[in-house]
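# Geometric and topological summary
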Amino acid sequence: MAQKIAEQIKLLKRGTVEIFREEELSEKLTEAAKTGRQLRIKLGLDPTSADIHLGHTVVLRKMRQFQDLGHKAVLIIGDYTARIGDPAGQDTTRPMLSPQQIEKNAKTYFQQAGKILDTLENKLEIKYNSEWLEKLTAIEIIQLAAKKTVAQMLQRDSFKKRLRADEDIFMHEFLYPLMQGYDSVMVRSDVELGGTDQTFNNLIGRDIQRAYGQPPQIVITTPILVGLDGKEKMSKSKGNYIGVTDEPGDMFGKVMSISDEMMENYFTLLTDKSDEEIAELVNPDKTHPKQAKILLGKTIVAQFHNEATAEAAAAEFDKVFAQGQLPDDMPQVEISAGPIMASKLLVHCKLVSSGGEAKRMIKQAAVSIDGQKVNDPNAEIIPADGMVIQVGKRKFARLKVKR
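The text that follows walks through the structure, step by step, so that each part is easy to find. Fair warning: this is a prediction, and the values are worked out from it, not measured in the lab.

## Observations concerning the overall build of the protein chain
Of the regular secondary structure elements, the protein chain holds 17 helices and 13 strands. The buried share among the 403 residues of the protein chain stands at 47%. Nonlocal contacts in the protein chain, meaning residues at least 24 apart in sequence, comprise 71% of its contacts between residues at least 6 apart. Split by element, the accessible area of the protein chain, about 20,100 Å² in all, is 49% carbon and sulfur. Of the charged side chains in the protein chain, 56 are positive and 56 negative, and the gap between their average positions amounts to 2 Å.

Printed below as a string of structure tokens:
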């Protein structure tokens, strides 16, 4: 049994940053193997946006590994804590979300997380933390707050930075990690997963469980996936993300846009390739970087769609970008016959989100009409049937003039 547990630990450690504490994890896995008890693996997701991106899937994939080892995933939708706003990694106070925003975002989470997790009833439990947090009385919240000192809460890096900068820290921000820890008590968590930005919150959970007479959960942290810009963490607000619901062609094209230096990180965190395979794939003496990136793109697209779709996306990408041909699935946009300014045309075709973005793209020489670069945002364009508008490398539209 010891060898089997050691193999499980090796699998679970892959792609992680820290385990608090590895020996405790070994003990829990050994106990589970002897008794047949499923460990309860907790992950909290605050529905602060409607979409899950590949950055979220790093920790979801770790959760799936636990499921495949026979344990139960407990996915907590933080519909209550999202109203407070997680201060993790924030140099300013997060805005509180309205219940309407939270409900709208939460509706999509189960479907998207289900692209990674095993959704069988004996493998997955979904909880909304409003189930218990809304019922806390004032005295119960005070009792919860009494489990930690102000000095302990001020150990959070983001709070330290704000103190040094003489910036405000509001009392409600202390409640977030306490309530996240209380979630662990309510679901009797054995293991909590999270990115490195959640280390403080998750370790608070260990303390809160002890205070309520429960064995402390193991905390496993995973790396933060770098976004497409290669600089900051993947984030929808930064526009450097790949969404799990992205169309196959768009998903493949975004993967192909990452730098060669980022491939090892993406292979490790987003695929099941072995360390030996990855070492060969990212070694330019053994695998051409373009071929490695194509394999990465197909592997990721296949996870969220299927292998045939991934092959088609790769073929379409080659057709458009390597051979310079037009894509097959170009959207057709109806437009009136009269002249229209170039910037307004891009907005009309929904190739940009605003007139300001349209002007920026044109000034950056990123816009062409029927293969000819457009340099003036105010240039008058006379629409014609079949006219092809292109923005950047991946956005196309074909015009159909209304008669």
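There's more to say after this.
## Quick word on the sheet that holds strand E9 (residues 367–369)
Reading across from one edge, E7-E13-E12-E9-E10 is the order of the five strands in this open sheet, with mixed pairing throughout. In this open sheet, the two edge strands, each paired with only one partner strand, are strand E7 (332–335) and strand E10 (372–373). Two elements, E7 and strand E13 (residues 395–401), share four bridges in a ladder whose sense is parallel. Bridged to Gln 332 within E13 is Arg 398.

## Some remarks on the packing of helix H1 (residues 2–13) against helix H2 (residues 22–35)
Across the interface, H1 lies against H2 with an axial gap of 10 Å and an inter-helix angle of 130 degrees. Classed by the angle they form, the pair H1 and H2 counts as oblique. Between H1 and H2 the crossing geometry is right-handed. For the pair formed by H1 and H2, the contact residues are Ile 5, Gln 8, Ile 9, Leu 12 and Lys 13 on the first element and Glu 22, Leu 25, Ser 26, Leu 29, Thr 30 and Ala 33 on the second. Partitioned by chemical class, the residues of the contact of H1 with H2 number six nonpolar, three polar and two charged.

## Focus: helix H4 (residues 99–113)
Helix length check: H4, at 15 residues, gives a terminal C-alpha distance of 21 Å against a target of 21 Å (1.5 Å per residue), a fit within 8%. Regarding H4, the residues found buried are Ile 102, Asn 105, Ala 106, Tyr 109, Gln 112 and Ala 113. Residues of H4 that are buried make contact with strand E2 (40–45), helix H3 (54–68), strand E3 (72–77) and strand E4 (124–128).

## Quick look at the pattern of salt bridges
Pairing is possible between side chains of opposite charge, provided their charged atoms come close. Across all of its chains, the model carries 19 salt bridges by this definition. Among the ionic pairs, Lys 13 bridges to Glu 22, the shortest N-O distance being 3.3 Å. Among the ionic pairs, Arg 162 bridges to Glu 173, the shortest N-O distance being 2.6 Å. Of the two residues, Arg 162 is situated in helix H8 (residues 157–164) and Glu 173 in helix H9 (residues 171–187); the sequence distance between them amounts to 11 residues. When sorted by exposure, Arg 162 lands in the same class as Glu 173, which is buried. Connected through salt bridges with shared partners, the residues Lys 28, Glu 31, Arg 37 and Asp 190 form a single ionic network.

## Digging into the side chain of Ser 343
Here Ser 343 shows up in helix H16 (residues 342–348). Ignoring anything within four residues of it in the chain, the contact list for Ser 343 reads Ala 358, Lys 359, Ile 362 and Pro 377.

## What to know about the pairing of E3
Across the six residues that make up E3, a large majority, six, are buried. As judged from the six bridges shared by E2 and E3, these two strands associate in the parallel manner. Considered in E3, the bridge of Ile 41 is made with Ala 73. As paired elements, E3 and E4 share five bridges and run parallel to each other. Across the sheet, residue Val 74 finds its bridge partner in E4, namely Glu 125.

What counts as what
- Residues numbered from 1 in each chain as written.
- Predicted model: local features only at pLDDT ≥ 70, side-chain atom pairs only at ≥ 80, totals over all residues.
- Heavy atoms only, no water.
- Helix = DSSP H or I, 4+ residues; strand = E, 2+ residues; numbered from the N terminus.
- Buried < 20%, exposed > 50% of the residue type's maximum accessible area, 1.4 Å probe, protein only.
- Contact = heavy atoms within 4.5 Å.
- Areas by Shrake-Rupley, 256 points an atom, 1.4 Å probe, with all protein chains shown as cover.
- Lys, Arg positive; Asp, Glu negative; His and termini not counted.
- Charge placed at Lys NZ, Arg CZ, Asp CG, Glu CD.
- Pairing = 2+ DSSP bridges.
- Axes fitted to C-alpha atoms, helices over the stretch in contact; angles between N-to-C directions.
- Parallel < 35°, antiparallel > 145°, perpendicular 65-115°, else oblique.
- Left-handed = near helix turned anticlockwise from the far one by under 90°.
- Nonpolar A, V, L, I, M, F, W, Y, C, P; charged D, E, K, R; others polar.
- Expected span 1.5 Å × (residues − 1).
- Salt bridge = Lys/Arg side-chain N within 4 Å of Asp/Glu carboxyl O.

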